[in-house]
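A closer look at the structure
For reference, the chains in residue letters:
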2 protein chains.
Amino acid sequence: MPAIKKTTYKDHVVEHVYQSLLDGRCHPGEQLKEGLIAAELGISRAPVREALKELTARGIVVYRPQVGCFLAQPSPQEIGDAYTARGLIEGYALMTTRHLFSSADLSRLHLLVEEMGQAAQRGDRKEVVEVGDTFHTMLVGKAINSQLAEYLERLRLKLHVLFCRYWPELYTPEEIAERHRRIVVSLQSGDARLIEETVRSHYSESGGKIAVLALTVRERHAA
Amino acid sequence: MPAIKKTTYKDHVVEHVYQSLLDGRCHPGEQLKEGLIAAELGISRAPVREALKELTARGIVVYRPQVGCFLAQPSPQEIGDAYTARGLIEGYALMTTRHLFSSADLSRLHLLVEEMGQAAQRGDRKEVVEVGDTFHTMLVGKAINSQLAEYLERLRLKLHVLFCRYWPELYTPEEIAERHRRIVVSLQSGDARLIEETVRSHYSESGGKIAVLALTVRERHAA
DNA sequence: AAATTGTCTATTGTCGACAATCGACAATAA
DNA sequence: TTATTGTCGATTGTCGACAATAGACAATTT
């Protein structure tokens with residue numbers, strides 16, 4: 001891994017658009033006009049096009065030929081599907097790597113769960129998301145299947161924006177911690193089926209809730 | 001769905017490169033030079049770049065910043081992983097949609113298996129691949145999860161090129177038919193676990209064999 | 001001789017301009 | 001009124017040219 005990362009304008013644009021979405025400066029469904037973004041950043045349209053291509057590949061934006069790029073506005077159905085997919089794959093990944101976790105790893109995971117709960121109680125949203133990321137990264141980090149790992153990362157990025165938008169309305173601090181604790185406990189049990197089932201329900205539950213929330217938001221928007 | 005598909009130069013290039021790979025005019029690891037391809041097709045580099053971006057997203061080519069694009073040369077490990085991933089997802093998809101298959105569907109599937117076996121016996125490789133595609137499309141066509149369906153399609157395209165290259169060396173005509181018949185039989189049983197397991201082993205078996213074959217080819221090439 | 005440095009070439013990264021296409025609106029006809 | 005057609009502006013698709021960079025090879029130094 002190189003110490004310095006080589007960066008191009010394209011990478012800058014990708015980050016710019018993604019952050020705009022996270023920060024609420026852009027909204028799902030909105031059209032991303034190449035010329036406009038290029039002007040904003042003081043560059044030409046070429047790297048902007050490259051960046052939009054990449055974001056399209058990531059599923060963050062959708063692309064209509066001869067019309068343009070739009071920020072993805074996943075339907076409740078699609079949101080649910082994406083969470084289900086993540087549950088399926090992450091469950092499988094964790095199941096297949098369950099015996100690679102040392103007791104030190106498990107302690108670390110329990111610690112992260114506590115931190116998460118405390119951060120949630122403090123109302124420190126950013127910290128909750130950050131610790132949550134660390135937690136899931138640790139869980140999946142041992143995954144041996146490169147293809148599934150890659151797809152999982154794509155799903156993570158795609159769902160991240162949804163999660164950041166909605167999670168504070170979904171769970172109490174206690175629930176946040178408890179939900180993640182269940183995963184660690186299942187992992188400790190070493191029971192293959194229990195692990196898969198726990199992870200799947202972890203995500204299908206979140207997915208269902210967020211889908212409903214997205215639906216109400218969409219209806220509100222339509223009115 | 002529009003009756004006529006709107007096509008751009010980019011789409012043409014994507015198809016050109018993909019076919020070149022299937023037809024053996026290009027080989028894994030080879031660098032794809034934008035200028036060269038543009039000259040070959042009599043167009044400018046811009047649409048070629050777009051096409052290479054898309055192929056990169058599909059995993060057909062790998063991209064090194066400031067250096068260029070190369071036809072993917074998946075390691076045996078990666079090949080095995082891709083097949084495992086496909087087995088996991090396709091097994092799940094078939095398992096969740098098992099009750100959507102009518103007896104007419106099942107008859108059709110059995111018929112396809114027979115056609116496949118006969119084509120294999122005639123040595124009609126193209127027909128075997130075509131029937132095989134129809135078969136798998138029918139199996140997964142009822143999939144309800146949009147995200148998994150999308151990823152499955154990507155995996156299919158990615159593995160297609162490997163499969164076309166190696167399958168005649170892997171199985172006898174009898175085996176070809178028998179392997180697929182097992183899937184239909186498991187589907188008829190309606191047993192969720194059996195279906196998942198059958199599909200998973202179907203792919204992990206192929207994956208393992210192709211990975212080994214790719215390894216020997218690679219060694220031969222290195223010598 | 002081996003390692004380092006400098007130069008050169010091929011290839012990608014970026015640019016601004018032009019052409020092609022889409023969507024919206026107005027004008028027209030039934 | 002309603003449906004069809006024509007025009008127009010905005011946006012993407014494509015182009016050729018230039019700048020920047022990586023990799024190869026030669027020159028230089030130790």
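Given the structure is predicted, the values throughout are model-derived calculations rather than measurements.

**Overview of the domain arrangement of chain A**
Residues and elements named next belong to chain A. According to the domain assignment, chain A consists of domain 1 (9-71) and domain 2 (76-222). Its C-alpha centre places domain 1 at a distance of 27 Å from the equivalent point of domain 2. Between domain 1 and domain 2, the contact holds 11 residues from the first and seven residues from the second. Carbon and sulfur atoms make up 58% of the surface buried where domain 1 meets domain 2, a total of about 720 Å² over both sides. Counting the surface domain 1 buries against domain 2, the share from its top three residues, Tyr 18, Leu 22 and Arg 58, is 53%. Between domain 1 and domain 2 we count zero salt bridges in total.

**Digging into the sheet that holds strand β2 (residues 61-64) of chain A**
All names here are of chain A. Pairing is antiparallel in the open sheet, where three strands are placed in the order β1-β3-β2. With one partner strand each, in any of the chains shown, β1 (31-32) and β2 form the two edges of the open sheet. Across two bridges, the pairing between β1 and strand β3 (residues 68-71) is antiparallel. Directly across from Gln 31, in β3, lies its bridge partner Phe 70. Relative to the sheet, helix α3 (residues 45-58) contacts β1, β2 and β3, its axis offset from that of β2 by approximately 110°.

**As for helix α8 (residues 173-189) of chain A**
Residues and elements named next belong to chain A. Taking 1.5 Å of rise per residue, 17 residues should cover 24 Å, and α8 covers 25 Å from first to last C-alpha, within 8% of that figure. Restricting attention to buried positions, one finds in α8 the residues Ile 176, Ala 177, Arg 179, His 180, Ile 183, Val 184, Ser 186 and Leu 187. Phi for Gly 190, located one or two positions after α8, is positive at around 80°.

**Some thoughts on helix α4 (residues 76-96) of chain A**
Under the 1.5 Å per step criterion, the end-to-end length of α4 of chain A is 30 Å for 21 residues, consistent within 8% with the ideal 30 Å. Counting buried positions along α4 of chain A yields 16 of 21 residues, so the element is predominantly enclosed.

**Focus: the relation of the copies chain B and chain A**
Mapping chain B onto chain A is achieved by rotating through 180° and translating by 0.0 Å along the same axis, at an RMSD of 0.1 Å. What we have between these two chains is a two-fold relation. Closest approach to the rotation axis among the C-alpha atoms of chain B is made by Ala 57 of chain B, whose C-alpha sits 2.9 Å away. By residue overlap, the copies meet face to face through one surface: 100% of the interface positions of chain B are interface positions in chain A.

**Topic: the protein's contact with DNA strand C**
Not every one of the 21 residues close to DNA strand C is listed here, only the nearest: Tyr 9 and Ser 44 of chain A together with Lys 33, Arg 49 and Tyr 63 of chain B. Within 4 Å of the protein, the contacting atoms of DNA strand C are drawn from sugar and phosphate to the extent of 74%. Backbone polar atom of Tyr 9 of chain A to a phosphate oxygen of DNA strand C: 2.9 Å apart, as the coordinates give it. Between DNA strand C and the protein, one listed contact pairs a phosphate oxygen with a side-chain N or O atom of Arg 49 of chain B at 2.9 Å. With three residues, α3 of chain A is the single largest residue contributor to the surface near DNA strand C.

**Observations concerning the interface of chain B and chain A**
Taken together, the contacts link 30 residues of chain B with 30 residues of chain A. When chain B packs against chain A, close to 2700 Å² is buried across both sides, 52% of that on carbon and sulfur atoms. In terms of surface lost to chain A, no three residues of chain B exceed Lys 53, Leu 88 and Gln 147 of chain B, which account for 21% of the buried area on that side. Glu 50 of chain A serves as the salt-bridge partner of Arg 49 of chain B, at 3.1 Å between the closest nitrogen and oxygen. For the interface between chain B and chain A, the tally reads 10 residue pairs in polar contact (both at pLDDT 80 or more). Secondary-structure elements contributing two or more residues to the side of chain B that touches chain A are α3 (45-58), α4 (76-96), α7 (146-166) and α9 (192-222) of chain B. Among the elements that make up the side of chain B that touches chain A, the one with the highest residue count is α4 of chain B (nine residues). Residue classes in the side of chain B that touches chain A are distributed as 11 nonpolar, seven polar and 12 charged.

**Side note on the pairing of strand β3 (residues 68-71) of chain B**
Residue and element names in this part refer to chain B. Of the two faces of β3, the one carrying Gly 68 and Phe 70 and the one carrying Cys 69 and Leu 71 are both buried. Here strand β2 (residues 61-64) runs beside β3; their pairing, made up of four bridges, is antiparallel. Of the residues in β3, the one forming a bridge with Val 62 is Phe 70.

**Quick word on the packing of aromatic side chains**
One pass over the structure, following the stated rule, counts three aromatic pairs over all chains. Taking 6.3 Å as the distance between ring centres and 35° as the angle between the ring planes, the aromatic pair formed by Tyr 83 of chain A and Tyr 203 of chain A counts as tilted. Highlighted residues: Tyr 83 of chain A in helix α4 and Tyr 203 of chain A in helix α9 (residues 192-222), separated in sequence by 120 residues. The residues Tyr 83 of chain A and Tyr 203 of chain A share a single accessibility class, namely buried. Arranged with centres 3.7 Å apart and planes meeting at 5°, the rings of Tyr 151 of chain A and Tyr 151 of chain B form a pair that is stacked. Of this pair, Tyr 151 of chain A sits in helix α7 (residues 146-166) while Tyr 151 of chain B sits in helix α7, each in a different chain. On the basis of relative accessible area, Tyr 151 of chain A is assigned to the buried category, the value being 5%. Here the basic side chain of Lys 53 of chain A rests over the ring of Tyr 63 of chain A, its NZ or CZ set 4.7 Å away from the ring centre. Above the ring of Phe 101 of chain A, the side-chain terminus of Lys 142 of chain A is found at 5.2 Å from the ring centroid.

**So, the sheet that holds β3 of chain B**
Pairing is antiparallel across the open sheet formed by three strands, whose spatial order is β1-β3-β2 (chain B). A single partner strand is all that each edge strand has here, and the edge strands are β1 (31-32) and β2 of chain B.

**So, the pattern of salt bridges**
All names here are of chain B. Counted under the stated rule, the structure contains 34 salt bridges over all chains. Residue Lys 142 is joined to Asp 105 by a salt bridge in which the shortest nitrogen-to-oxygen separation is 3.3 Å. Here Lys 142 is found in the loop between α6 (125-140) and α7, whereas its partner Asp 105 is found in helix α5 (residues 103-122), with 37 residues between them in sequence. By relative accessible area, which is 28% here, Lys 142 ends up partly exposed. A salt bridge links Asp 133 to Arg 156; the nearest nitrogen and oxygen atoms lie 3.5 Å apart. Linking Asp 133 in helix α6 with Arg 156 in helix α7, this pair joins segments that are 23 residues apart in sequence. Among the residues examined, Asp 133 registers a relative accessible area of 27% and is labelled partly exposed.

What counts and what doesn't
Residues numbered from 1 in each chain as written. Chains lettered and ligands numbered in written order. Predicted model: local features only at pLDDT ≥ 70, side-chain atom pairs only at ≥ 80, totals over all residues. Heavy atoms only, no water. Domains from an automatic or database assignment. Contact = heavy atoms within 4.5 Å. Buried area = accessible area lost by both parts, 1.4 Å probe. Salt bridge = Lys/Arg side-chain N within 4 Å of Asp/Glu carboxyl O. Pairing = 2+ DSSP bridges. Helix = DSSP H or I, 4+ residues; strand = E, 2+ residues; numbered from the N terminus. Axes fitted to C-alpha atoms, helices over the stretch in contact; angles between N-to-C directions. Expected span 1.5 Å × (residues − 1). Buried < 20%, exposed > 50% of the residue type's maximum accessible area, 1.4 Å probe, protein only. Least-squares fit on C-alpha atoms with pLDDT ≥ 70 in both. Near = heavy atom within 4 Å. Polar contact = N/O pair within 3.5 Å; in protein donor to acceptor, adjacent residues only side chain to side chain. Nonpolar A, V, L, I, M, F, W, Y, C, P; charged D, E, K, R; others polar. Phe/Tyr/Trp six-rings, centres within 6.5 Å; stacked < 30°, edge-to-face > 60°. Lys NZ or Arg CZ within 6 Å of the ring centre and 35° of its normal.

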